[in-house]
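Letter by letter, the chains look like this.
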Amino acid sequence: GAGVSQSPSNKVTEKGKDVELRCDPISGHTALYWYRQRLGQGLEFLIYFQGNSAPDKSGLPSDRFSAERTGESVSTLTIQRTQQEDSAVYLCASSPREGFRGNQPQHFGDGTRLSIL
Amino acid sequence: AQSVTQPDIHITVSEGASLELRCNYSYGATPYLFWYVQSPGQGLQLLLKYFSGDTLVQGIKGFEAEFKRSQSSFNLRKPSVHWSDAAEYFCAVGAFGNEKLTFGTGTRLTIIP
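Residues numbered from 1 in each chain as written. Chains lettered and ligands numbered in written order. Predicted model: local features only at pLDDT ≥ 70, side-chain atom pairs only at ≥ 80, totals over all residues. Heavy atoms only, no water.

**Student:** Help me out: how do you make sense of the overall build of chain A in this one?
**Tutor:** Across its full length, chain A carries zero helices and ten strands. For chain A, the sequential pattern of α-helices and β-strands runs β-β-β-β-β-β-β-β-β-β. Taken over C-alpha atoms, the radius of gyration comes to 14 Å for chain A, in line with the 13 Å a tight globule of 117 residues would show. Considering only C-alpha atoms, chain A reaches an extent of 40 × 25 × 25 Å along its principal axes. A buried classification covers 49% of the 117 residues belonging to chain A. Sequence-distant contacts, at least 24 apart, represent 56% of the contacts inside chain A between residues at least 6 apart. Total accessible area computed for chain A in this model is approximately 5,600 Å², and 42% of it derives from carbon and sulfur atoms. One way to put it: in chain A the 13 positive side-chain charges average out to a point 2 Å from where the 13 negative ones average out. (Helix = DSSP H or I, 4+ residues; strand = E, 2+ residues; numbered from the N terminus. Rg over C-alpha atoms; globule rule 2.2 N^0.38 Å. Buried < 20%, exposed > 50% of the residue type's maximum accessible area, 1.4 Å probe, protein only. Contact = heavy atoms within 4.5 Å. Areas by Shrake-Rupley, 256 points an atom, 1.4 Å probe, with all protein chains shown as cover. Lys, Arg positive; Asp, Glu negative; His and termini not counted. Charge placed at Lys NZ, Arg CZ, Asp CG, Glu CD.)

Here's what the structure looks like:
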């Protein structure tokens, strides 16, 4: 597609359940990022994938959070044993391989709004 | 560590009036600076970016921003706002070798007739 695609757009689940969020980056973009936006807050970095390199997981808040990416395509963010504080909008972004070095910004999807009951 | 401060949580402006949204950053080296806009229920749309060169940057929708190294600022401006500009505005900073963006907490812009 033309832009970053995320699914589902909304997810409501009970505390303690596992959830999977999906991100489909812009075609040809090798870099993929996940961010979290809590209500009334800015975005917090979670994880960064660049091609086949080891991901930068430095922003993951706990070991309940994990993400995978198959090659240079779709990524899945998984939250296990969800807690109420996990309620947020999860945004995915992608950029070309050269990133900032090539004056390339990140392009964002519309996000997944996650609500934990 | 890099950080971004947007001191104004909420700004109200009359339609047709000028606008300036403030952004201050903290980073030891030359930063890469961005403004994004978020409409309700939407993702972030890039308004403009600064990587190097001319410190006055033009963006989409009539927005511009000026990088002032001496003030560690990257304020967003528009000479005449439209009702459709009502949204949340985020300033963000990145750096060479650090592709993770650090965001400010955002400024919510309300436009009144």
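Picking up after the structure, the text goes on.
**Student:** Sorry, what's going on with the pairing of strand β3 (residues 19–24) of chain A here?
**Tutor:** Sheet faces and side chains relate simply in a regular strand, where the side chains alternate between the two faces. All names here are of chain A. Burial of the side chains of β3 is restricted to one face: Val 19, Leu 21 and Cys 23 are buried, whereas none of Glu 20, Arg 22 and Asp 24 on the reverse face is. Two elements, strand β1 (residues 5–7) and β3, share three bridges in a ladder whose sense is antiparallel. What sits directly across from Gln 6, in β3, is Cys 23. Both β3 and strand β7 (residues 75–79) contribute to a ladder of five bridges, which runs antiparallel. For Cys 23, the partnering residue across the bridge sits in β7 and is Ser 75. (Pairing = 2+ DSSP bridges.)

**Student:** Would you mind going over the interface of chain B and chain A with me for this structure?
**Tutor:** One widely used convention gives an interface's size as the accessible area the parts lose upon coming together. Facing the 22 residues of chain B at the interface are 23 residues of chain A. Interface of chain B and chain A: buried area, both sides summed, is about 1,800 Å²; carbon and sulfur atoms make up 61% of it. The shortest N-O distance in the salt bridge between Lys 100 of chain B and Asp 56 of chain A comes to 3.4 Å. The interface formed by chain B and chain A contains seven residue pairs in polar contact (both at pLDDT 80 or more). By residue number, the principal contributor to the side of chain B that touches chain A is strand β11 (residues 98–103) of chain B, which donates five residues. Looking at the side of chain B that touches chain A residue by residue, the class counts come to eleven nonpolar, eight polar and three charged. (Buried area = accessible area lost by both parts, 1.4 Å probe. Salt bridge = Lys/Arg side-chain N within 4 Å of Asp/Glu carboxyl O. Polar contact = N/O pair within 3.5 Å; in protein donor to acceptor, adjacent residues only side chain to side chain. Nonpolar A, V, L, I, M, F, W, Y, C, P; charged D, E, K, R; others polar.)

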